[in-house]
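# Breakdown of the fold
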Amino acid sequence: MGFNATCTPGRDAAAAMVRVTPQVPALVIYLDPVNIAIQLPPFPGGSDVLMRFCRELSREASKLADHLGSLEGRHALAEGDPDVRG
């Protein structure tokens, strides 16, 4: 089953690796107030699939953070607004 969702992080957004059970790790994204848990796929090789996904997510999130930290990634209207930039 697939679905698409668009969310924005709130001021208290965070992410963490948690253990659902000692054998079942998960990535939880706390978007404030929406939470998303990404768990091991329930098929042989599922841990490899999740491992590759997490590495790709890390790379792409780093690219986005670098872009947002550069001048070209900052929205002109948000330049001086402390509520938007934190």
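Further up the page is the structure itself.
What you see is a predicted model, and the numbers here were worked out from it, not measured in a lab. (Residues numbered from 1 in each chain as written. Predicted model: local features only at pLDDT ≥ 70, side-chain atom pairs only at ≥ 80, totals over all residues. Heavy atoms only, no water.)

## A word on the overall build of the protein chain
As a reminder of what qualifies: Under the scheme used here, helices are H or I runs from DSSP no shorter than 4 residues and strands are E runs no shorter than 2 residues, and both carry numbers assigned from the N terminus. Exposed residues in this analysis have more than 50% of their type's maximum accessible area, buried residues have under 20%, and partly exposed residues fall in between, with area computed by a 1.4 Å probe over protein chains only. Two residues form a contact once any of their heavy atoms are found within 4.5 Å. The protein chains shown are the only cover counted for residues, whose accessible areas, like all others here, come from Shrake-Rupley with a 1.4 Å probe.
Secondary structure assignment for the protein chain yields two helices and three strands. Taken from the N to the C terminus, the helices and strands of the protein chain come in the order β-β-β-α-α. Burial statistics for the protein chain: of 86 residues in total, 9% are counted as buried. Long-range pairs, those at least 24 residues apart, make up 6% of the contacts in the protein chain between residues at least 6 apart in sequence. For the protein chain, the accessible surface area stands at approximately 7,100 Å², while carbon and sulfur atoms represent 59% of it.

## Observations regarding the sheet that holds strand 1 (residues 14-21)
Selection rule: For two strands to be treated as a pair, DSSP must find at least two bridges joining them. For helices, the fitted axis covers only the stretch in contact; all axes are lines through C-alpha atoms, and the angles between them, taken along N-to-C directions, range from 0 to 180 degrees.
The sheet built from three strands is open, its strands ordered 1-2-3 with antiparallel pairing. One side of each edge strand has no neighbouring strand; the edge strands of this open sheet are strand 1 and strand 3 (35-39). Geometrically, the sheet is characterised by an average inter-axis angle of 25° between neighbouring strands, direction not taken into account. Bridge count between strand 1 and strand 2 (residues 24-30): seven bridges; the pairing is antiparallel. The residue of strand 2 that forms the bridge with R19 is P25.

## Some details on unusual backbone geometry
Between D32 and P33 the backbone carries a cis peptide bond, its omega angle lying at 20°. Relative to the helices and strands, P33 is located in the loop between strand 2 and strand 3. For D32, which is not a glycine, the phi torsion comes out positive at approximately 60°. Tracing the chain through its elements places D32 in the loop between strand 2 and strand 3. Using a relative accessible area of 32% as the deciding quantity, one classes D32 as partly exposed.

## Notes on the pattern of salt bridges
Put simply, the rule is: We define a salt bridge as a contact between a side-chain nitrogen of Lys or Arg and a carboxyl oxygen of Asp or Glu at a distance within 4 Å.
For the structure shown, the criterion picks out one salt bridge. In this structure, K63 engages E60 in a salt bridge whose closest nitrogen and oxygen atoms are separated by 3.0 Å. Placement of the pair is K63 and E60 together in helix 1 (residues 46-69), with a separation of three residues, close to one helical turn. Relative accessible area serves as the criterion here: at 52%, K63 is assigned to the exposed category.

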